[in-house]
Amino acid sequence: IIVTFASHKTMLNEDFIIKGRKLTAEEWGSRLLLVAINLPIAIITLYTLNFNSSTFFFQFIFGIVTAFLAFFAIIMTFKEYKYSLLTLHFYNNQLKILYKNKILKDVTLKDIKLLHFFNLSEKKDKMCRPFLDIYDHNNIIIIHIQLNFRDYNQLKTYLTPYPININDEVIHNYSDIKK
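This one's a predicted model, so the numbers in the text were calculated from it and none came from an experiment. (Residues numbered from 1 in each chain as written. Predicted model: local features only at pLDDT ≥ 70, side-chain atom pairs only at ≥ 80, totals over all residues. Heavy atoms only, no water.)

*Asks:* Is there a simple way to think about helix H3 (residues 149-158) in this case?
*Replies:* Side chains that are three or four residues apart share a direction in an α-helix, a result of its 3.6 residues per turn. Within the span of H3, buried status applies to Phe 149, Asp 151, Tyr 152, Leu 155 and Tyr 158. Where H3 is buried, its residues meet strand E2 (16-19), strand E3 (86-91), strand E6 (112-118), strand E7 (131-136) and strand E9 (165-169). (Buried < 20%, exposed > 50% of the residue type's maximum accessible area, 1.4 Å probe, protein only. Helix = DSSP H or I, 4+ residues; strand = E, 2+ residues; numbered from the N terminus. Contact = heavy atoms within 4.5 Å.)

Structure, rendered in structure tokens:
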């Protein structure tokens, strides 16, 4: 669904701030549990390899797979933590993108061509939080950020008066909106 809002003469002058979505305690716990289980298993399996054993190949593959799962969980946790350090600050027809409270980019809302809201779930009953990609007029992504549902709804409402195309592909599961 692509929605285009007509240009209005009056623009909002109030500040609007969106902070990147932080990981919940449940998400932190599941990632730490994955690391806490897989990393010791991988270390023990790889440390106790016996080259003369008939199960060497199986032990080696098992150790590599469990180590990969542990490192994958660590990498994904830090990648998602990066989103919590981003802030979008809308004010006076401007968008300031901050990372750790330092300005990364400052653009006018006239320079924004498209807001693309989406989530990564392929099943309508299994939903994840929405992401936002903001594109400029050269179809280059200005920012990619994960949002919570409250910020997603507020941002769409806030930008309604602006002449910006909004591509909304978010699958709603209303039981998750409260989180």
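*Asks:* Whenever I open this one, helix H2 (residues 56-84) confuses me. Can you help?
*Replies:* Between its terminal C-alpha atoms H2 stretches 43 Å, which fits the 42 Å expected from 29 residues at 1.5 Å a residue. All buried positions along H2 are accounted for by Gly 63, Thr 66, Ala 67, Ala 70, Ala 73, Thr 77, Glu 80, Tyr 83 and Ser 84. Buried-residue contacts for H2 involve helix H1 (25-47), E3, E7 and strand E8 (141-146). (Expected span 1.5 Å × (residues − 1).)

*Asks:* Just checking my understanding: could you explain the environment of His 144 for this structure?
*Replies:* Relative to the elements of secondary structure, His 144 occurs in strand E8. Under the relative-accessibility criterion, His 144 is labelled partly exposed at 30%. Expressed as a C-alpha distance, the spacing of His 144 and Leu 86, which sit 58 residues apart in the sequence, is 9.7 Å. Here His 144 is in contact with Tyr 83, Leu 86, Phe 118, Phe 131, Leu 132 and Asp 133, once residues within four sequence places are set aside. In terms of polar contacts, His 144 uses its side chain to reach the side chain of Asp 133, at 2.4 Å. (Polar contact = N/O pair within 3.5 Å; in protein donor to acceptor, adjacent residues only side chain to side chain.)

*Asks:* I tried to follow the sheet that holds strand E4 (residues 94-99) on my own but got confused; where do I start?
*Replies:* The strands that make up a sheet are held in pairs by hydrogen bonds between backbone atoms, and each pair lies either parallel or antiparallel. Strand order in the open sheet formed by 4 strands is E2-E3-E4-E5, and the pairing between neighbours is antiparallel. Looking at strand neighbours, the two that pair on one side only are E2 and strand E5 (102-108), the edges of this open sheet. Shown here is a sheet whose adjacent strand axes are inclined to one another by a mean of 15 degrees, direction ignored. Against the sheet, H3 engages E2 and E3, with an angle of about 150 degrees to E2. (Pairing = 2+ DSSP bridges. Axes fitted to C-alpha atoms, helices over the stretch in contact; angles between N-to-C directions.)

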